Amino acid sequence: MYTRSSSACASEAQNRVMGIFFKARKKADASSEVAPLPEVGSKSLAGVAPHLVPLLSPTAFEAEPYRVLGHLIAQLHTEPGLQVLGISSPSMGDGKTSTAINLAGILAQEHAARVLLLEAELRRPLIAEYLGITHPGAGLAGAILEPTLSFDSVVRHYQPFNFDVVLAGRALASPYDVLKLPRFGALLQEARQHYDYVVVDTPPLLPFADCRVIERWIDGLLVVVAAHQTPRKLLAEALDSTDPTKLVGLVLNKDDHQALRYSHAYYYYARSANGLPKRGRSSR
Ligand SMILES: Nc1ncnc2c1ncn2[C@@H]1O[C@H](COP(=O)(O)OP(=O)(O)OP(=O)(O)O)[C@@H](O)[C@H]1O
Ligand SMILES: [Mg+2]
């Protein structure tokens, strides 16, 4: 996926590729292909964005790569102790938020884990819209800026998929100044005590400095790459801006050539307990 000539950092990342290939679906097509929306408990899933196929239709072919991703993350959870995982990408619209939501859903449902989806994207928060949540509340921004607001008061249980969510709350003009407050770190520390996994949705790596602060508090970072969209140079630049010790993998999103790619074996590398790369193989 990435050549060694891209940059020293890109070739380092090549060693950590997990290889998740998720076929893009046009919104209009998705609703016609997916089976009628199920009702889970008393809640309808009608407000959930149709491209979140792994949540809406877990047995669909498109959900399979997320199952693989969930499995790889679960391995990293037990071995090097990965608990707080950031999801970012080089630029806008690569699929960070969709990946974060789908991964939270898979981990909660298939790994019976206590999962928190934390929206640290305070510029353009979209999780409420994607999940059909109508009253976002004070959210993360509120809890950081008003220390009298407890962590518990901004957590909401998202019943249909059995994970908890802390939404961004109100959008902020300069999130960097808010995220660098010690209160953000304290909230994440608190989250660690209550959840097996905290999946953190973040802003893009390149235009903004927000991720540099977020990185301090997370155990690992997944970088989403939009197939046929993210320029290689931009990816190399984005990887250069991250802490290489935090990078756990790359996720290729919106890949139309999934079937072709699935006909080939691919390799992934993950960090082992002693921090050294551990080689694995997955073939289809
Ligand atoms: N696998 C996919 N297949 C089809 N459409 C997708 C896929 N992933 C994301 N999209 C679409 O791409 C757009 C951007 O997705 P998303 O909001 O997840 O990206 P993002 O990287 O979080 O964006 P931003 O930088 O604005 O926060 C949305 O319209 C979403 O519906
Ligand atoms: Mg987003």
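All values reported here derive from a predicted model rather than from experimental measurement.

Draft legend 1. Up close: the overall build of the protein chain. Summing up its helical and strand segments, the protein chain has 13 helices and eleven strands in all. Of all 284 residues assigned to the protein chain, the portion counted as buried reaches 55%. Of the contacts made within the protein chain by residues no fewer than 6 positions apart, 77% connect residues no fewer than 24 positions apart.

Draft legend 2. Summary view of the nonpolar core. In this structure, I73, V115, L117, L131, F163 and L222 are the most contacted members of the largest nonpolar core, which totals 41 residues. Core analysis: the next-biggest nonpolar cluster, separate from the first, contains 38 residues, L140, V178, A191 and A238 among them.

Draft legend 3. Region of the structure containing the packing of aromatic side chains. Within the structure shown, the criterion is met by three aromatic pairs. An angle of 15 degrees between the planes, with centres 6.5 Å apart, marks the rings of F161 and F163 as stacked. In textbook terms, an aromatic cluster arises when at least three aromatic residues are bridged by ring pairs, as seen for Y158, F161 and F163. Here the basic side chain of R123 rests over the ring of F208, its NZ or CZ set 3.9 Å away from the ring centre.

Draft legend 4. Structural view of unusual backbone geometry. Even without being a glycine, A112 presents a positive backbone phi close to 45 degrees. Along the chain, A112 falls in the loop between α5 (96-110) and β4 (115-119). Judged by its relative accessible area of 70%, A112 falls in the exposed class. Unlike most non-glycine residues, N162 shows phi in positive territory, near 60 degrees. The topology assignment puts N162 in the loop between β5 (156-158) and β6 (163-166). You can call N162 partly exposed: its relative accessible area is 43%.

Draft legend 5. Structural view of the pairing of β6. Burial along β6 is two-sided: F163 and V165 and D164 and V166, pointing in opposite directions, are all buried. Note: β4 against β6, three bridges, orientation parallel. Residue pairing for β6: L116 is matched across the bridge by D164. In this sheet, β6 lies alongside β5 in antiparallel orientation, the contact comprising three bridges. Across the sheet, H157 pairs through a bridge with D164, a residue of β6. A loop of four residues connects β5 with β6, the two strands running antiparallel in sequence, and N162 in this loop sits at a positive phi of about 60 degrees.

The rules behind these values
- Residues numbered from 1 in each chain as written.
- Chains lettered and ligands numbered in written order.
- Predicted model: local features only at pLDDT ≥ 70, side-chain atom pairs only at ≥ 80, totals over all residues.
- Heavy atoms only, no water.
- Helix = DSSP H or I, 4+ residues; strand = E, 2+ residues; numbered from the N terminus.
- Buried < 20%, exposed > 50% of the residue type's maximum accessible area, 1.4 Å probe, protein only.
- Contact = heavy atoms within 4.5 Å.
- Core = buried A, V, L, I, M, F, W, Y, C linked by side-chain atoms within 4.5 Å.
- Phe/Tyr/Trp six-rings, centres within 6.5 Å; stacked < 30°, edge-to-face > 60°.
- Lys NZ or Arg CZ within 6 Å of the ring centre and 35° of its normal.
- Pairing = 2+ DSSP bridges.

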